[in-house]
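The residues making up each chain are set out below.
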Amino acid sequence: MADCAPRSSMDPFLLLALAKGLDEGLVPALLDPTLDPTTILAAAPDAPCIAALPPRVRARLANRTALELAAAEALRAADRMGMECLTPASAAWPPHLTRMPLRPLVLFVRGDPGALWREPALTLVGSRTPTPYGLHAAGVFADALASAGIVLWSGLARGVDHSAHVACTQKRLPTVAILAGAVDAIYPPEHGDLAAAILEHGGCIVSELPP
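These lines cover the structure that appears in this document, whether it is placed above or below. (Residues numbered from 1 in each chain as written. Predicted model: local features only at pLDDT ≥ 70, side-chain atom pairs only at ≥ 80, totals over all residues. Heavy atoms only, no water.)

**Looking at the overall build of the protein**
And then number 1: Helix and strand counts for the protein come out as 10 helices and six strands.
And then number 2: Taken against the 2.2 N^0.38 rule, which gives 17 Å for 211 residues, the C-alpha radius of gyration of the protein at 18 Å falls within 12% of a compact globule.
And then number 3: Counting only C-alpha atoms and orienting by the principal axes, one finds that the protein spans roughly 55 × 30 × 30 Å.
And then number 4: Looking at the protein as a whole, 45% of its 211 residues qualify as buried.
And then number 5: Put simply, the protein shows about 10,300 Å² of open surface, and 59% of that area lies on carbon and sulfur atoms. (Helix = DSSP H or I, 4+ residues; strand = E, 2+ residues; numbered from the N terminus. Rg over C-alpha atoms; globule rule 2.2 N^0.38 Å. Buried < 20%, exposed > 50% of the residue type's maximum accessible area, 1.4 Å probe, protein only. Areas by Shrake-Rupley, 256 points an atom, 1.4 Å probe, with all protein chains shown as cover.)

**Structural notes on the side chain of Asp161**
And then number 1: Here Asp161 lies in helix α9 (residues 160-170).
And then number 2: For the buried Asp161, which has no salt bridge, the nearest side chain bearing the opposite charge is Arg128, at an N-O separation of 5.4 Å.
And then number 3: At a separation of 3.4 Å, a polar atom in the side chain of Asp161 contacts the side chain of Ser154.
And then number 4: Among residues more than four places away in sequence, those in contact with Asp161 are Leu124, Val125, Gly126, Ser154, Gly155 and Leu156. (Lys, Arg positive; Asp, Glu negative; His and termini not counted. Salt bridge = Lys/Arg side-chain N within 4 Å of Asp/Glu carboxyl O. Polar contact = N/O pair within 3.5 Å; in protein donor to acceptor, adjacent residues only side chain to side chain. Contact = heavy atoms within 4.5 Å.)

**With respect to helix α10 (residues 192-200)**
And then number 1: When we look at burial in α10, the residues that qualify are Leu194, Ala195, Ala197 and Ile198. Taken around the axis of α10, the buried residues stretch over an arc of 160 degrees, which confines them to a single face. Counted as exposed and oriented over 90 degrees from the buried face of α10: Asp193 and Glu200.
And then number 2: For α10, the elements touching its buried residues are α9, β5 (175-178) and β6 (204-207).
And then number 3: With its phi angle positive at about 85 degrees, Gly202 sits one or two positions after the end of α10. (Arc of directions from axis to C-beta.)

**Observations concerning the sheet that holds strand β2 (residues 107-111)**
And then number 1: Across the sheet, which stays open at both edges, the six strands sit in the order β1-β2-β6-β5-β4-β3 with mixed pairing between neighbours. Here the strands that pair on one side only, and so sit at the sheet edges, are β1 (84-86) and β3 (121-123). Adjacent strand axes in the sheet meet at a mean angle of 25 degrees, parallel and antiparallel pairs treated alike.
And then number 2: As paired elements, β5 and β6 share three bridges and run parallel to each other. Its bridge partner being in β6, Ala177 is matched across the sheet by Ile205. (Pairing = 2+ DSSP bridges. Axes fitted to C-alpha atoms, helices over the stretch in contact; angles between N-to-C directions.)

**Some thoughts on the pattern of salt bridges**
And then number 1: Per the stated rule, a full pass over the model turns up seven salt bridges.
And then number 2: Between Asp23 and Arg56 there is a salt bridge; the shortest N-O distance is 3.2 Å. Placement of Asp23 in the loop between α1 (12-20) and α2 (28-31) and of Arg56 in helix α5 (residues 55-62) is noted, with a sequence separation of 33 residues between them.
And then number 3: The residue Arg64 makes a salt bridge to Glu68 at a minimum N-O spacing of 3.1 Å. In this pair, Arg64 and Glu68 both sit in helix α6 (residues 64-80), four residues apart, roughly one turn of the helix.
And then number 4: A relative accessible area of 34% places Arg64 in the partly exposed class.

**Considering the state of the cysteines**
And then number 1: Enumeration over the complete set of coordinates arrives at zero disulfides.
And then number 2: With no disulfide of its own, Cys168 has Cys204 as its nearest cysteine by sulfur position, at a separation of 12 Å. (Disulfide = S-S within 2.5 Å.)

**Describing the nonpolar core**
And then number 1: Counting residues in hydrophobic clusters, the biggest one holds 39 residues, and the most contacted among them are Leu16, Leu30, Leu61 and Phe108.
And then number 2: Put simply, the parts of the chain that give this core at least two residues each are α1, α2, α3 (37-42), α5, α6 and α10.
And then number 3: No other element matches α1, which puts seven residues into this core.
And then number 4: Counting 12 residues, the second-largest nonpolar core is a separate cluster that includes Leu86, Leu97, Leu107 and Leu116. (Core = buried A, V, L, I, M, F, W, Y, C linked by side-chain atoms within 4.5 Å.)

**Things to note about the layout of surface pockets**
And then number 1: Approximately 680 Å³ is the volume found for the largest pocket.
And then number 2: Around the largest pocket, the lining is made up of 31 residues, and of these Pro104, Leu107, Ile178, Ser207 and Glu208 lie nearest the centre.
And then number 3: For the lining of the largest pocket, the secondary-structure elements that each account for two or more residues are α1, β2, β4 (151-154) and β6.
And then number 4: Among the elements that make up the lining of the largest pocket, the one with the highest residue count is α1 (four residues).
And then number 5: Of the residues that constitute the lining of the largest pocket, the class distribution is 23 nonpolar, four polar and four charged. (1 Å grid on protein atoms, 1.4 Å probe; cavity = no way out; pocket = protein on both sides within 12 Å on 5 of 7 lines; lining within 4 Å. Points joined across faces, edges and corners; volume = space filled by probe spheres on them. Nonpolar A, V, L, I, M, F, W, Y, C, P; charged D, E, K, R; others polar.)

Purely spatial values, then, with no claim about function.
Put into structure tokens, the structure is as follows:
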């Protein structure tokens, strides 16, 4: 796992992701696709780009040693669990994610990261508690899209998301599951078998959170 090996010079995007933290809410200033992470990390505490950040982020950036220790531990944990750790600085980072208005800083990936590059792709998400008609309609849409060779991205949640992934795995096609939690904590737990099927058929499971 070359991308996850601890290194003497830590990936600046990973450091920014940890400085952003696991708190609720986005920090748009750190997710701007034009952001140069080295500029933020090298800036003085009173620099305008730092002063505009939330206090919790400024405090983490001020403790560079703690940030680098946290990054090293996240990389070791990912490597132990067979995950890739991708950032916009990685060769395997999907270019279309870089163009997003709020670009992710890091992705922890289990499975084939090549699934993130595959096109055509479509996101199919919906209610966790759909009506019987809604669940049927989602299944029909998902089946038609998967039959056309479209890689479906969804959230591995109950309901519509489940239908999207199942449509792909039943056809032995890749699908991408984006988790709200960490990759090593599949939720809901009853979707463990579905997660295994996603990996078996060339898909991947992804999270912005470290294991």
